[in-house]
Amino acid sequence: MILPVTLYGDPILKKQAEEITSNFPDLSTFIKNMWQTMYAASGVGLAAPQVGMSIRVFVVDTVQLEEKRKNTFKGIKKVFINPTILAQTGEEWKYEEGCLSIPNIREDVFREPLVKIHYFDEQFNEFTEDYDDINARVIQHEYDHIEGILFTDKLKPLKKKLLIPKLNKIARGEVDVDYRVKVYKGK
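Quick summary incoming for the structure in this document. (Residues numbered from 1 in each chain as written. Predicted model: local features only at pLDDT ≥ 70, side-chain atom pairs only at ≥ 80, totals over all residues. Heavy atoms only, no water.)

**Details of the overall build of the protein chain**
On a plain count of helices and strands, the protein chain comes out with three helices and nine strands. From first element to last, N terminus to C terminus, the protein chain shows the α and β order β-α-β-β-β-β-β-β-β-α-α-β. Against the 2.2 N^0.38 benchmark of 16 Å for 187 residues, the protein chain shows a C-alpha radius of gyration of 16 Å, consistent with a compact globule. For the protein chain, buried positions account for 47% of its 187 residues. Once local pairs closer than 6 in sequence are excluded, the contacts in the protein chain between residues at least 24 apart make up 67%. Taken as a whole, the protein chain presents about 9900 Å² of accessible surface, with 50% of it coming from carbon and sulfur. (Helix = DSSP H or I, 4+ residues; strand = E, 2+ residues; numbered from the N terminus. Rg over C-alpha atoms; globule rule 2.2 N^0.38 Å. Buried < 20%, exposed > 50% of the residue type's maximum accessible area, 1.4 Å probe, protein only. Contact = heavy atoms within 4.5 Å. Areas by Shrake-Rupley, 256 points an atom, 1.4 Å probe, with all protein chains shown as cover.)

**Description of the packing of aromatic side chains**
In this structure the tally under the stated criterion is seven aromatic pairs. Each ring, one from F80 and one from Y119, has its centre 4.4 Å from the other, and the planes form 45 degrees; the classification is tilted. Pair noted here: F80 is in strand β4 (residues 77-89) and Y119 is in strand β7 (residues 114-120), with a separation of 39 residues, a long-range link. Given a relative accessible area of 1%, Y119 falls into the buried group. Joined through ring pairs, the aromatic side chains of F58, F80, Y119, F127 and Y131 make up one cluster. (Phe/Tyr/Trp six-rings, centres within 6.5 Å; stacked < 30°, edge-to-face > 60°.)

**What about unusual backbone geometry?**
Of note, the phi angle at D26 is positive, near 55 degrees, even though the residue is not glycine. Within the secondary structure layout, D26 lies in the loop between β1 (5-6) and α1 (27-40). Of note, D133 is a non-glycine position whose phi angle comes to about 55 degrees, a positive value. Inspection of the secondary structure puts D133 in helix α2 (residues 133-146).

**Some words on the pairing of strand β8 (residues 126-132)**
Pairing geometry for β7 and β8, over seven bridges, is antiparallel. Residue pairing for β8: L114 is matched across the bridge by D132. Turn length for the β7-β8 hairpin, with the two strands adjacent in sequence and antiparallel, is five residues, and the turn residue F124 shows positive phi of about 65 degrees. (Pairing = 2+ DSSP bridges.)

**Some words on the sheet that holds β8**
Spatially, the five strands line up as an open sheet ordered β2-β3-β4-β7-β8, and their pairing is antiparallel. Each of the sheet's edge strands pairs with one partner strand only, and the pair in question is β2 (45-47) and β8. For this sheet, the mean angle separating the axes of adjacent strands, direction not counted, is 40 degrees. One ladder, built from six bridges, connects β4 with β7; its direction is antiparallel. The residue of β7 that forms the bridge with Q88 is V115. (Axes fitted to C-alpha atoms, helices over the stretch in contact; angles between N-to-C directions.)

**Quick look at the environment of A171**
Note that A171 resides in helix α3 (residues 157-171). C-alpha of A171 to C-alpha of K185: the two residues are 14 residues apart in sequence and 9.3 Å apart in space. Among all residues touching A171, those that are not within four sequence positions of it are Y8, G9, V183 and Y184.

Written out as structure tokens, the structure is:
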């Protein structure tokens, strides 16, 4: 089932998400729905808070970028549950990022090129792995979501200030997208 994507302005996007256990109700169905939602919105990553669940789960599929990058890297397709970034290293590099929860805004964000992450997969197998390049960037972006951080939080103050009118429109639901969205209506 394709879930509505939570738009900028919803407090769930600014909240640190909670860890889950292996007996979390309907976890496999939720993960399947996350994949469907991400693909329907043409995304490469999606975090649970973006579909209204404040839990530490995100999915990443950068395999779909391999063709665009002309085989300069190997993409991944993974589920990350209860992840912890252990290290982010290397000289920060700039790349234009976007976000399904902040549609039609793309800005340059600086991130480290290497990341070491500890996580569980959908069967609750435990891993500690290193990623680089776009894989590291997408992981860091989605990890930020479960920490309550948006890519716009990483912009310079003047750039953020210039985006306020656009962000306010998104928060009101004034967006033109071809995927389901959910606008925060207040308490």
